[in-house]
Amino acid sequence: MRYLMLVLSTPQDPELTPQDEAGAPSIEDWVDRYYGDGTATAGDRLRPPSDAVGVRVRGGKVLVTDGPFSEAKEAIGGFDVIEAPDLDTAITVASEHPMAHAGAIELRPVWPLDLDGRDGEA
């Protein structure tokens with residue numbers, strides 16, 4: 001099963017301690033391990049929220065806003081797509097990412113869109 005890992009920066013997290021960050025593996029080690037064995041298949045860093053653009057269509061007009069669409073205490077700093085046989089394995093992979101120690105990981109199963117008329121499982 002495919003999972004999207006949203007890599008979150010959480011600078012306002014009151015529970016984050018210097019020891020948590022110090023215990024994090026290096027991103028190079030994580031990339032070497034999980035991209036090396038094919039578990040991670042795509043990913044990258046993202047520019048900061050200040051570089052984001054919101055796009056909405058309302059009343060037939062395209063509305064473009066600068067910056068993030070909503071205020072949040074965390075910002076998406078990057079993403080990875082992983083292949084894992086089950087949720088427990090995906091959680092293990094996510095827990096070994098450096099930002100699980102210094103930020104947060106939001107892990108979501110991918111819900112494939114079947115354009116041949118068959119709907120994916122909910």
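Refer to the preceding data block for the structure.
Keep in mind it's a predicted model, so treat the numbers as computed, not measured.

> What exactly am I supposed to notice about the side chain of Thr39 here?
When you line up the elements, Thr39 lands in the loop between helix 2 (27–36) and strand 2 (40–45). Within the local environment of Thr39, its side chain forms a polar contact with the side chain of Asp37, the two groups lying 2.7 Å apart. If near-sequence neighbours (up to four positions away) are discounted, Thr39 is found in contact with Tyr34, Val81, Ile82, Glu83 and Val93.

> Is there a simple way to think about the sheet that holds strand 6 (residues 104–109) in this case?
Whether parallel or antiparallel, the strands of a sheet pair through hydrogen bonds between backbone atoms. Spatially, 2-5-1-6 is the arrangement adopted by the four strands of the open sheet, whose pairing is antiparallel. At either margin of the open sheet sits one strand with a lone partner, and together these are strand 2 and strand 6. This sheet shows a mean twist of 20° between the axes of neighbouring strands, independent of strand direction. For strand 1 (residues 2–9) and strand 6, the ladder comprises six bridges, and the chain directions are antiparallel. Residue pairing for strand 6: Val7 is matched across the bridge by Ile105.

> When you look at the layout of surface pockets in this model, what are you seeing that I'm missing?
To find leftover empty space, a probe the size of one water molecule is rolled over the atoms. In this structure, the second largest pocket spans a volume of roughly 250 Å³. If you list the elements that add at least two residues to the lining of the second largest pocket, you get helix 2, strand 2 and strand 5 (75–83). Taken together, the residues of the lining of the second largest pocket break down into seven nonpolar, four polar and three charged.

> Looking at this model, I keep getting lost on helix 3 (residues 87–95). Mind explaining?
Because an α-helix packs 3.6 residues into every turn, residues spaced three or four apart end up facing the same way. When we look at burial in helix 3, the residues that qualify are Ala90, Val93 and Ala94. All buried residues of helix 3 lie within an arc of 100° about the axis, which places them on one face of the element. Those residues of helix 3 that are buried lie in contact with strand 1, helix 2, strand 5, helix 4 (98–102) and strand 6. Near the N-terminus of helix 3, the side chain that reaches the backbone nitrogen of Asp88, with its oxygen 3.2 Å away, is that of Asp86.

> Can you help me understand the nonpolar core in this one?
Within soluble globular proteins, side chains that are nonpolar generally end up buried alongside one another. Tyr3, Met5, Val7, Trp30, Tyr34, Ala40, Ile82, Ala84, Ala90, Val93, Ala94 and Ile105 together form the largest nonpolar core, which totals twelve residues. With residues up to four places along the chain from it excluded, the contact list for Ala84 reads Met1, Tyr3, Thr89 and Ala90.

Definitions and cut-offs
- Residues numbered from 1 in each chain as written.
- Predicted model: local features only at pLDDT ≥ 70, side-chain atom pairs only at ≥ 80, totals over all residues.
- Heavy atoms only, no water.
- Helix = DSSP H or I, 4+ residues; strand = E, 2+ residues; numbered from the N terminus.
- Polar contact = N/O pair within 3.5 Å; in protein donor to acceptor, adjacent residues only side chain to side chain.
- Contact = heavy atoms within 4.5 Å.
- Pairing = 2+ DSSP bridges.
- Axes fitted to C-alpha atoms, helices over the stretch in contact; angles between N-to-C directions.
- 1 Å grid on protein atoms, 1.4 Å probe; cavity = no way out; pocket = protein on both sides within 12 Å on 5 of 7 lines; lining within 4 Å.
- Points joined across faces, edges and corners; volume = space filled by probe spheres on them.
- Nonpolar A, V, L, I, M, F, W, Y, C, P; charged D, E, K, R; others polar.
- Buried < 20%, exposed > 50% of the residue type's maximum accessible area, 1.4 Å probe, protein only.
- Arc of directions from axis to C-beta.
- Core = buried A, V, L, I, M, F, W, Y, C linked by side-chain atoms within 4.5 Å.

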